[in-house]
Each structure stands twice: as structure tokens, then as C-alpha cells.
Amino acid sequence: MALFEFKIEVPASSAEAVEAILVEHGLENWSVFDDVIVQRAWLIGICADEHEAQVQWGVLAPLLSAAGIKPVAAPERRALLDSDWRDSYKAHFHAWQFDRLHWVPEWERDTFVLPPGDVVLWLDPGLAFGTGNHETTRLCVERLVTLAEEHGTGGRVIDAGCGSGILALSAALLGFRDVAGFDNDPEAVRVSEENAVRNGLASRVQFIAADLVTGLAGRSADIVLANIQADVLMRFARELIAAVAPDGTLVLSGILAPENALVREAFERLTPKWTVNARVMGEWSDIVLTRPA
């Protein structure tokens, strides 16, 4: 399948702001590559053809301009071979850890040395979201690890919008026995299932294709994880809240720090007796709500 790449260098200091614009406007086929070593950054769009790339750039350019972000150079355009776009994401995924858990690219399996007593989740995210290198995923993972330490791993976990499957599979790796994940993108479900197989977790996690209505209907869990952009979280607040079991926890991420108060207010209106807290990591934030027993 031939695709088209539209690449524009932007100021490295603006990388996080550009990424925030992409998330806010739901431009999922665009991403930011920030090379901290050489202190350069690029905005990259992968589109069906040159015309689509030009149309989308026509939308993005005014958004960047309004934010005071000026491209460093003229856009670069090129047709991509199948192998080009399928492997391009690998440059953006690096091994990382929190506590004794490690998240490592599958292609580093032969060279990665796991410290004694630690555990690892091997990942190949493909084109699905979720490597852990993004603050929104890290916020969720760190909350999940903390909940496991404080309350044990006997409860049910639902990963709403599973992407690469990183959150659901991390829950299984931590010891949760009843874990499910869903995504409205069939490609994300396929990638999640592949990651489950490569970690020997295929029998431990159920992945299905579903949206926030069908995926949560008739289900409840002790931990519900939703790493989705702010406007979607607010639109489906009732469905997310209804899926939390008594004494359970709802972890929301994908929220830009300036949007946190707005999202928090929307959920607090519907959960007046729940305990709520939030934190910020870089440009991003989370909200954690705990239902009374």
C-alpha cells in the first residue's frame, strides 16, 4: 500500500505545543518527532496521497500560526513504500521503566538486559497509540502500578481505548487475572492481540473492537483506564462512571494540563461523593476518581 509523507521541521522548543494541537484537533495521522540530541523537531503527516496531505496541511498551518509556531523550513513531500511507513514508528519508541516494570521494543529483545527481580513487557505498537514514551500513557501506567501496590491485583481491569494494548497487558503483567481492553480501531485490536501473544498473555486479556458505549455496556471493573482526549472523555463521562464498581477507581488521561479543571468539573458534577485527585506531567495531566464502597 503506497502512502504519502508530508514533513515539516518546526522549532524544537515548540514540539510539545505542536503535539498538543494534534491531540486537541484529533489529527491522529500526524505526529511529532522530537530529537533531543540534536535539538530539532519535525511534524510528520502520513496520508493516503499528496492531495490529502496538502488539504490537511491547509488545516494545520493556520493552527500553528495562531499558536505563534513558525516552520523552520519548507515542507518535504515524498511517496512512501510499504516498508517505509510500517517501520517509521520504531524511531520514536525507546525502552523505559517505572518501579520494577520495563516496557521494551520487541526488536531489542536480543540485546536488552533485564535487572534481576524485574519484569518486562515486549511491545511492537505498529501504528497504534501506546508505547509509554508519551506522558499520557506514563500517567496511566504509574497510577496502575500504584493501585496494584496499594490494593492488590484481585480486581477486574478495563482498558477503554486500548491502542497498542500497553495498559491492559501491563495490568496482566502486574498480576491482575481479569483484564479486558477495547478500541474502536480494529487495527489497534489486532496490534494489542499480537502484543499479548508475544508476551504469553493471550489467555489473560480479552481484546475486542468496540466504542465507549458498546465496550462498556453491561460491564463494571475495579479499575477503568481511559487514555483518550479530553472532549471524548467528557462526552462519554456517564458511560465511564457507570462502569466503575463500588470502591473502584477511574483513571482518566489524555488531558492537556490547561484542560484539567474543565474535565475535572464535568466528572465531579456526576460523582459528588467520589474522591478526586489529579497530577501534571509535562504538558499533560490525569484525573483519578474513586467511587465510595
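A. How the structure looks around the environment of A237. Within the secondary structure, A237 sits in helix α8 (residues 237-242). Residues A237 and A171, spaced 66 residues apart in sequence, show a C-alpha to C-alpha distance of 23 Å. The residues touching A237, leaving out its near neighbours within four places in the chain, are F267 and L270.

B. Here's a closer look at unusual backbone geometry. Look at D99: it is not a glycine, yet its phi comes out positive at around 60°. Here D99 is to be found in the loop between β5 (96-98) and β6 (101-105). A positive phi angle, close to 70°, is found at D247, a residue other than glycine. Counting through the fold element by element, D247 comes out in strand β12 (residues 244-256). Classification of D247 by relative accessible area gives exposed; the value is 52%.

C. Representation of helix α6 (residues 186-198) within the structure. Counted at 1.5 Å a residue, the expected span for α6 with its 13 residues is 18 Å, and the 19 Å between its end C-alpha atoms agrees. A188, V189, V191, S192, N195 and A196 are the residues of α6 that are buried. Down the axis, α6 shows its buried residues gathered within 165° of arc, on one side only. Of the exposed residues in α6, the ones pointing more than 90 degrees away from its buried face are P186 and V197. For α6, the elements touching its buried residues are β7 (119-123), α5 (166-174), β9 (178-183) and β10 (205-209). Two or three places before E187, at the opening of α6, D185 has a side-chain oxygen 3.0 Å from that residue's backbone nitrogen. Immediately beyond the C-terminal end of α6, within one or two residues, lies G200, with a positive phi of roughly 70°.

About the criteria used
Residues numbered from 1 in each chain as written. Predicted model: local features only at pLDDT ≥ 70, side-chain atom pairs only at ≥ 80, totals over all residues. Heavy atoms only, no water. Helix = DSSP H or I, 4+ residues; strand = E, 2+ residues; numbered from the N terminus. Contact = heavy atoms within 4.5 Å. Buried < 20%, exposed > 50% of the residue type's maximum accessible area, 1.4 Å probe, protein only. Expected span 1.5 Å × (residues − 1). Arc of directions from axis to C-beta. Polar contact = N/O pair within 3.5 Å; in protein donor to acceptor, adjacent residues only side chain to side chain.

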